[in-house]
Amino acid sequence: MVLYGNIAFDPSWYIMENLSDSKKNDVLPEFQTFLLEKKLTPEKNVFFYALWVSKYFTYARKKQISSDQYQENAVIEFIEFLKTDPNMSDWQIRQAGDAIRLYYFHYRGLKPNNLSGVKSSDFTPELLKETQRLIRLKHYSYSTEKTYLQWIKRFLEYSSQTSKKEASVELDAADCKNFLSYLALKEKVSASTQNQAFNALLFLFRNVLCKEMGNLAQTVRAKRGQKLPVVFSMEEVKRLLACLNGRDLLIAGLLYGSGLRLMELARLRVKDVDMDLNTLTVRSGKGDKDRTTILPKNLRDEMLKQIAAVKTLHHKDLEEGFGDVYIPEALARKYPKAGKEWAWQY
């Protein structure tokens, strides 16, 4: 039991093994239904999100804080309160903050204080920061995050220069239509590029600004022409690979022979290479999926040389106090020293 001010907090409340389905459904049922329908969080987490909001309400009542409106200071105080419990993990604290913001900004439709009534030159960084947080909450890939943020930034700059909107709350479907038409008419972008921009704006309006984009029927669409793919023949590939050697040959050979995407190759770790079975394991690929693929036999020797070179470099880095690589958050907490282990090296 942890005491915070005059409030007692039992860290065992969030354990749900002994709760029946009917009890779980009694916790903010409308909010749970909303999360499921909008697919704002995986189904297994819906109950916990509702439970965090319920606990925030209890905390607010005991502290005599109104829960009708979103109050940033009260939420920060609640988060700090959770941090006083040594049994509370970092991911649970982040989940609590996300749950509260989803409740007020999405379910209740309230506007974040830091995104309303702020001049466009000032609200852009905060808007992008909130967008990034929600993209990561939905576990989108890093490339999608980077692309969406770039398009949203371009959209905000365009809107501030053309429609002179002074705050994010003033942005509407007309701004989206004008920007997408501008991309087609002035920038001459392809249909796929325009669709990419549209998806970024759709995420911005639905998930960050909490409003619908409306009817975009009059938007000028970029022309989608019929294009034939350009594919190397087998002989052309052989001639290309014959011009390479060493690490360059290994990189090109893996991209072609193993079917790896560029970032999958860049994130390949030592433990994901199985020299006995001649296989490679791709972790968290497109769609956050794992898969195995082949290691071409003619690249086996080059792979062994690369692994030996990396091992020598890793030992040198360790001697100089470095050699620590990125480990996914949950594993980093469970195995704090894994970042310097040989198997986790890229």
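Residues numbered from 1 in each chain as written. Predicted model: local features only at pLDDT ≥ 70, side-chain atom pairs only at ≥ 80, totals over all residues. Heavy atoms only, no water.

### Looking at the nonpolar core
Looking at soluble globular proteins, one finds that nonpolar side chains tend to be buried together.
No. 1: Residues Tyr 104 and Phe 155 are the most contacted members of the largest nonpolar core, which totals 63 residues.
No. 2: Per-element accounting of this core gives the leading share, 11 residues, to helix H3 (residues 46-62).
No. 3: Ignoring any residue separated from it by four or fewer positions in sequence, one finds Tyr 104 in contact with Tyr 56, Phe 57, Ser 67, Asp 68, Gln 69, Tyr 70, Gly 109 and Leu 110.
No. 4: One finds Leu 250, Val 282, Leu 299 and Ile 307 within the second-largest nonpolar core, a separate group that totals 14 residues. (Core = buried A, V, L, I, M, F, W, Y, C linked by side-chain atoms within 4.5 Å. Buried < 20%, exposed > 50% of the residue type's maximum accessible area, 1.4 Å probe, protein only. Helix = DSSP H or I, 4+ residues; strand = E, 2+ residues; numbered from the N terminus. Contact = heavy atoms within 4.5 Å.)

### A short note on the pattern of salt bridges
No. 1: Counted by the stated rule, this structure contains 11 salt bridges.
No. 2: The residue Glu 145 makes a salt bridge to Arg 136 at a minimum N-O spacing of 3.0 Å.
No. 3: Judged by relative accessible area, Glu 145 falls into the buried class, the value being 5%.
No. 4: Among the residues examined, Arg 136 registers a relative accessible area of 47% and is labelled partly exposed.
No. 5: Put simply, Asp 272 and Arg 283 hold a salt bridge, and the shortest N to O gap is 3.1 Å. (Salt bridge = Lys/Arg side-chain N within 4 Å of Asp/Glu carboxyl O.)

### Brief notes about the environment of Phe 198
No. 1: Following the sequence through the fold, Phe 198 ends up in helix H9 (residues 191-208).
No. 2: For Phe 198, a relative accessible area of 24% translates into the label partly exposed.
No. 3: Phe 198 sits 46 residues away from Ile 152 along the chain, and the two C-alpha atoms are 9.7 Å apart.
No. 4: Beyond its immediate stretch of four places on either side in the chain, Phe 198 contacts Leu 180, Met 213 and Leu 216.

### Things to note about the confidence of the model for the protein
No. 1: Of all residues in the protein, 87% have pLDDT values of 70 or greater, and the mean over the chain is 82.
No. 2: Contacts from residues 1-18, a stretch scored under 50 in pLDDT, to residues over four places away or in other chains number 35 contacts.
No. 3: Across residues 114-122 the pLDDT falls below 50, and counting only partners more than four positions away or on other chains, this stretch makes 16 contacts in the model. (pLDDT = per-residue confidence, 0-100.)

### Things to note about the sheet that holds strand E5 (residues 291-294)
No. 1: With antiparallel pairing, the 3 strands of this open sheet are ordered in space as E3-E4-E5. Two strands bound the open sheet, and with one partner strand each, they are strand E3 (273-274) and E5. (Pairing = 2+ DSSP bridges.)

### Thoughts on the layout of surface pockets
No. 1: Volume-wise, the largest pocket comes out at about 2200 Å³.
No. 2: Residue lining of the largest pocket: 46 residues in total, with Arg 136, His 139, Tyr 140, Asp 288 and Tyr 326 positioned closest to the centre.
No. 3: Taken together, the elements giving at least two residues each to the lining of the largest pocket come down to helix H5 (90-107), helix H6 (120-137), helix H7 (142-162), helix H12 (262-266), strand E4 (279-282) and helix H14 (329-334).
No. 4: If one sorts the elements of the lining of the largest pocket by residue count, H7 sits on top with 5 residues.
No. 5: Of the residues that constitute the lining of the largest pocket, the class distribution is 16 nonpolar, 12 polar and 18 charged. (1 Å grid on protein atoms, 1.4 Å probe; cavity = no way out; pocket = protein on both sides within 12 Å on 5 of 7 lines; lining within 4 Å. Points joined across faces, edges and corners; volume = space filled by probe spheres on them. Nonpolar A, V, L, I, M, F, W, Y, C, P; charged D, E, K, R; others polar.)

### Comments concerning the packing of aromatic side chains
No. 1: Per the stated rule, a full pass over the model turns up 23 aromatic pairs.
No. 2: With a centroid separation of 6.3 Å and an interplanar angle of 55 degrees, the aromatic rings of Phe 155 and Phe 205 are classed as tilted. Placement of Phe 155 in helix H7 and of Phe 205 in helix H9 is noted, with a sequence separation of 50 residues between them. A single burial state applies to Phe 155 and to Phe 205, both of which are buried.
No. 3: Aromatic rings pair up to connect Phe 31, Phe 34, Tyr 56, Phe 57, Tyr 59, Tyr 70, Phe 78, Phe 81, Tyr 103, Tyr 104, Phe 105 and Tyr 107 into one cluster.
No. 4: Across from the ring centre of Trp 344, 4.6 Å away, lies the NZ or CZ of Lys 271, which sits over that ring. (Phe/Tyr/Trp six-rings, centres within 6.5 Å; stacked < 30°, edge-to-face > 60°. Lys NZ or Arg CZ within 6 Å of the ring centre and 35° of its normal.)

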